[in-house]
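These are the residues of each chain, in order.
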Amino acid sequence: MESILFFIIFSGIWAVADAIFAPIFSSLLGISEGSSECIVGIILGAIAGFFFGPVIAFSLEQKASSWIATICLIVSSFIASSF
């Protein structure tokens with residue numbers, strides 16, 4: 001039960017972080033919104049992987065770029081968990 005609760009909470013955190021930081025990175029770096037979503041996913045996944053271990057999350061949006069960013073988050077959490 002604890003794992004399912006963490007999964008749901010972390011997916012919510014991922015959705016909020018994506019909505020807040022992706023437009024900021026997009027405008028600061030001059031890149032597309034999809035690329036900035038992946039950058040946010042990599043950063044959040046690395047932080048979560050380093051402190052909590054590998055995480056699994058899902059995207060609440062039904063866009064291909066959001067799902068790709070979610071994969072970036074998952075992969076970076078697995079990589080960061082090995083440190």
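Summary of the structure given here. (Residues numbered from 1 in each chain as written. Predicted model: local features only at pLDDT ≥ 70, side-chain atom pairs only at ≥ 80, totals over all residues. Heavy atoms only, no water.)

Concerning the environment of Ser32
Mapped onto the fold, Ser32 is located in the loop between helix H1 (2–29) and helix H2 (33–52). Its relative accessible area of 43% is what places Ser32 among the partly exposed residues. Taking C-alpha positions, Ser32 is 9.3 Å from Ala22, a pair spaced 10 residues apart along the chain. Within the structure, Ser32 has its side chain in polar contact with the side chain of Ser35 (distance 3.2 Å). (Helix = DSSP H or I, 4+ residues; strand = E, 2+ residues; numbered from the N terminus. Buried < 20%, exposed > 50% of the residue type's maximum accessible area, 1.4 Å probe, protein only. Polar contact = N/O pair within 3.5 Å; in protein donor to acceptor, adjacent residues only side chain to side chain.)

Section: the pattern of salt bridges
Within this structure, the stated rule accounts for 2 salt bridges. Measuring nitrogen to oxygen at the nearest pair gives 3.3 Å for the salt bridge that ties Lys63 to Glu37. Here Lys63 is found in the loop between H2 and helix H3 (64–80), whereas its partner Glu37 is found in helix H2, with 26 residues between them in sequence. Residue class for Lys63 comes out partly exposed when judged on its relative accessible area of 35%. We note a salt bridge from Glu61 to Lys63, for which the minimum N-O separation is 3.3 Å. (Salt bridge = Lys/Arg side-chain N within 4 Å of Asp/Glu carboxyl O.)

Some remarks on the packing of H1 against H3
Axis angle and axis distance: for two packed helices, these are the angle between their axes and the distance between the axes, and together they describe the pair. Put simply, H1 and H3 touch, their axes get as near as 12 Å, and they point 120° apart. Comparing the axis directions of H1 and H3 gives the class oblique. Considering how the two elements wind past one another, H1 and H3 form a crossing that is right-handed. Here H1 contributes Phe10, Trp14 and Asp18 to the contact with H3, which in turn contributes Ser66, Ala69, Thr70 and Leu73. (Axes fitted to C-alpha atoms, helices over the stretch in contact; angles between N-to-C directions. Parallel < 35°, antiparallel > 145°, perpendicular 65-115°, else oblique. Left-handed = near helix turned anticlockwise from the far one by under 90°. Contact = heavy atoms within 4.5 Å.)

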